[in-house]
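# Descriptive structure summary
Letter by letter, the chains look like this.
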Amino acid sequence: MSDFSTSLNEVSNEAALKELESEYLGKKGKLKAILAGVKDLSIEDKKTIGVKANEMKKQFITDLEKKAVEIEIAVFAQIEADEAIDVTVWYPSENLGHKHPISHASELLEDIFISLGFKIEDGPQVESEEFAFDKLNIPADHPARDVWDTFWISDDINKDKDIWDRLLLRPHTSPVQIRTMLKGELPVKIIAPGRVFRYEQEDARHTCNFYQLEGLVVGEGVTFGDLKWTLDTVMKQLLWEKTQLRFRPSIFPFTEPSAEVDVSCQICSGTGEVKWKKCSMCSATGWVELLWAGMVHPNVLEWCGIDHKKYSGFAFGMWIDRIAAQRFGVSSSRMFYQNKLKLNEQF
Ligand code: PHE
């Protein structure tokens, strides 16, 4: 019995426990041998030794079962310890990347417009001549087409199309105005951020592809005052609360009257100077041209099935790249396209 107890104490795993079990209780086990010998004993001895041997057997079984549970608990405790996650362990982090400054600026603008009740619309980058020009009051022979130096889709594809169906890479986001109004739902209050393309000589402020954000509001009694309030509110929220806006008369075929809108330069706070030197961002004028706007031309409303006597609207466009440059204090928006991670990662 004490041999058994000593051996049981030494057992630490399931295999050893099985071995001990068969050593004592198995077919050729020690206890089996004693029990087998009982039949040759005197009646007297049979009683005492036989009873004892059976008690021992029961005790062995209980002890073995107890040990089996202990081993199981120990095994699970070990698994738990091995598989536990140490949240304090240092691990070199994966480089997950981050938003490009233009996406960042676009999302800041989207959030501000959404807070003012605008919805976001989208349009294709490969657009028809009709939506990019004709329906915007810019017919084929109109000199204003020169302003939008356009990339046309190759003649192979365009040659069999009617003239207004010819395809081009959209040079502005204004076609989304047409697409939205043609849906026939009024009032309209949308912005359309997106990529545009122009056949440009590249310099600090011009790139062949860039991002615009179009805005359009159409309803009853919409005024130029609403337009001014909207742009003023958005720019103050995006840049800083002392931002000033300056409206200058301009011409766009699809708006009348039209304006170019300057914003007081963030870099020099509109003073034209940074540390007693001329501000390079605004060429020392204190103003940067960031927005274009006007009241939607009656022709454009009519061609989209909207009664211009009952409804009026305003539209505006901005260059997200230039806004990102202002917002993040980068002197040339072209830098955003040069894949310089050191620049992009700062924002
Ligand atoms: N689409 C014009 C451009 O790209 C900008 C603009 C939009 C002007 C809306 C007026 C109204 O130059």
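Residues numbered from 1 in each chain as written. Predicted model: local features only at pLDDT ≥ 70, side-chain atom pairs only at ≥ 80, totals over all residues. Heavy atoms only, no water.

## Brief notes about the side chain of Thr-233
The following threshold applies: Strands are runs of DSSP state E lasting at least 2 residues, helices are runs of H or I lasting at least 4, and numbering of each runs from the N terminus. Each residue's exposure class comes from its accessible area (1.4 Å probe, protein chains only) as a fraction of the maximum for that residue type: buried when under 20%, exposed when over 50%, partly exposed otherwise. Any N or O atom pair separated by 3.5 Å or less is treated as a polar contact, with the protein-specific requirement of one donor-capable and one acceptor-capable atom, and with residues adjacent in sequence counted only for side-chain atom pairs.
One can find Thr-233 in helix H9 (residues 224–238). Thr-233 gets classed as buried once you look at its relative accessible area, which sits at 18%. Here the side chain of Thr-233 touches Trp-229 through a polar contact of 2.6 Å, landing on its backbone oxygen.

## Focus on the sheet that holds strand S3 (residues 151–152)
Operational definition: Strands are labelled as partners when DSSP assigns at least two bridges between them.
Here 3 strands make up an open sheet; going across it, the order is S2-S4-S3 and the pairing antiparallel. Whereas interior strands pair on both sides, the edge strands pair on one side only; in this sheet they are strand S2 (126–128) and S3. Relative to strand S4 (residues 167–169), S3 is paired through 2 bridges, and the arrangement is antiparallel. Each bridged residue has a counterpart across the sheet, and for Phe-151 the counterpart in S4 is Leu-169.

## Considerations on the nonpolar core
Our working definition: Side-chain atoms within 4.5 Å are what join buried Ala, Val, Leu, Ile, Met, Phe, Trp, Tyr and Cys residues into a set we call a nonpolar core. In this description, contact between two residues means that some pair of their heavy atoms is separated by no more than 4.5 Å.
One finds Leu-109, Phe-113, Leu-231, Met-235, Phe-316 and Met-318 to be the most contacted residues of the largest nonpolar core, which totals 41 residues. Elements with a contribution of two residues or more to this core: helix H5 (101–115), strand S6 (209–219), H9, strand S8 (255–264), strand S11 (287–296), strand S12 (312–319) and helix H11 (320–328). Among all residues touching Leu-109, those that are not within four sequence positions of it are Leu-213, Val-234, Met-235, Leu-238, Met-318, Ile-320 and Ile-323.

## Let's talk about a positive patch on the surface
Which entries qualify depends on this criterion: A patch consists of residues exposed above 30% relative accessible area that lack any salt bridge, with like charges linked at up to 9 Å and nonpolar side chains (Val, Leu, Ile, Met, Phe, Trp, Tyr) linked at up to 5 Å. The protein chains shown are the only cover counted for residues, whose accessible areas, like all others here, come from Shrake-Rupley with a 1.4 Å probe. Each reported salt bridge corresponds to a side-chain nitrogen of Lys or Arg within 4 Å of a carboxyl oxygen of Asp or Glu. Working convention for charge: Lys and Arg count positive, Asp and Glu count negative, and His plus the chain ends are omitted. For charged residues, the charge sits on one atom: NZ in Lys, CZ in Arg, CG in Asp, CD in Glu.
A contiguous patch of positive charge, built from Lys-27, Lys-28, Lys-32 and Lys-57, is present on the exposed surface. Its location among the elements puts Lys-57 in helix H4 (residues 43–83).

## Here's the deal with the domain arrangement of the chain
The cut-off we apply is this: Where each domain starts and ends comes from a domain assignment, either automatic or drawn from a database.
Split into domains, the chain comes out as domain 1 (2–83) and domain 2 (101–344). The C-alpha-based centres of domain 1 and domain 2 are spaced at 88 Å.

## Description of a nonpolar patch on the surface
The grouping of Val-75, Phe-76 and Ile-79 at the surface amounts to a nonpolar patch, some 270 Å² of accessible area in total. For Val-75, the position within the fold is in helix H4. Overall, the relative accessible area of 42% leaves Val-75 in the partly exposed class.

## A few points about the site of the ligand
Quick reminder of the rule: Residues are labelled near a given molecule or strand when at least one of their non-hydrogen atoms is within 4 Å of it. Residue polarity is assigned by list, with Asp, Glu, Lys and Arg as charged and Ala, Val, Leu, Ile, Met, Phe, Trp, Tyr, Cys and Pro as nonpolar; anything else, Gly included, falls into the polar class.
Every one of the 15 residues lining the ligand counts as a neighbour, but Trp-148, His-172, Ser-174, Arg-198 and Gln-212 are closest to it. Contacts to the ligand include Gln-212, whose side-chain N or O atom sits 2.9 Å from an oxygen atom. When contributions to the shell around the ligand are tallied by element, the ones reaching two or more residues are S6, S11 and S12. Counting residues per element, the shell around the ligand draws most heavily on S12, which supplies 3 residues. Residues belonging to the shell around the ligand are distributed by class as follows: 7 nonpolar, 6 polar and 2 charged.

## Quick look at the packing of helix H3 (residues 30–37) against H4
How two helices pack is summed up by the angle between their axes together with the distance between the axes. Operational definition: Every angle, taken between N-to-C directions, lies between 0 and 180 degrees, and every axis is a line fitted to C-alpha atoms, over only the stretch in contact when it is a helix. Our angle categories are set so that under 35 degrees counts as roughly parallel, over 145 as roughly antiparallel, 65 to 115 as roughly perpendicular, and the remainder as oblique. Take the far helix as your reference; a near helix turned counterclockwise from it by less than a right angle gives a left-handed crossing, and one turned clockwise gives a right-handed crossing.
Their axes nearest at 10 Å, the elements H3 and H4 cross at an angle of 160 degrees. With respect to H4, the element H3 is oriented roughly antiparallel. With respect to the hand of their crossing, H3 and H4 are arranged in left-handed fashion. For the pair formed by H3 and H4, the contact residues are Leu-31, Ile-34 and Leu-35 on the first element and Ala-53, Asn-54, Met-56, Lys-57 and Phe-60 on the second. Its residues assigned to classes, the contact of H3 with H4 comprises 6 nonpolar, 1 polar and 1 charged.

## Quick word on H5
Worth spelling out the cut-off: Multiplying 1.5 Å by the helix residue count minus one yields the expected span of that helix.
Taking 1.5 Å per residue, 15 residues should reach 21 Å; H5 reaches 21 Å between its end C-alpha atoms and fits that length. Residues Pro-101, Ile-102, Ala-105, Ser-106, Leu-109, Glu-110, Ile-112 and Phe-113 constitute the buried set of H5. Positive backbone phi, approximately 95 degrees, marks Gly-117, located one or two places after H5.

## A closer look at unusual backbone geometry
Omega for the bond connecting Leu-186 with Pro-187 falls within 30 degrees of zero, at -5 degrees, which places this linkage in the cis form. By the element assignment, Pro-187 lies in the loop between helix H8 (175–181) and strand S5 (188–197). Residue Pro-257 is reached from Glu-256 by a cis peptide bond, and omega for that bond is -5 degrees. Within the secondary structure layout, Pro-257 lies in strand S8. Non-glycine residue Trp-276 carries a positive phi angle of around 60 degrees. As for its position among the elements, Trp-276 is in the loop between strand S9 (273–274) and strand S10 (277–278). What makes Trp-276 exposed here is its relative accessible area of 79%.

## Topic: the sheet that holds S6
To summarise the sheet geometry, strands pair through backbone hydrogen bonds and adopt either a parallel or an antiparallel arrangement. Sheet architecture is open: 7 strands sit in the order S1-S5-S6-S12-S11-S8-S7, paired in mixed fashion. With one partner strand each, in any of the chains shown, strand S1 (119–120) and strand S7 (245–252) form the two edges of the open sheet. As paired elements, S11 and S12 share 5 bridges and run antiparallel to each other. Looking at the pairing, Met-295 lines up with Phe-314 of S12. Against the sheet, H9 touches S7, S8, S11 and S12, its axis set at about 30 degrees to S12.

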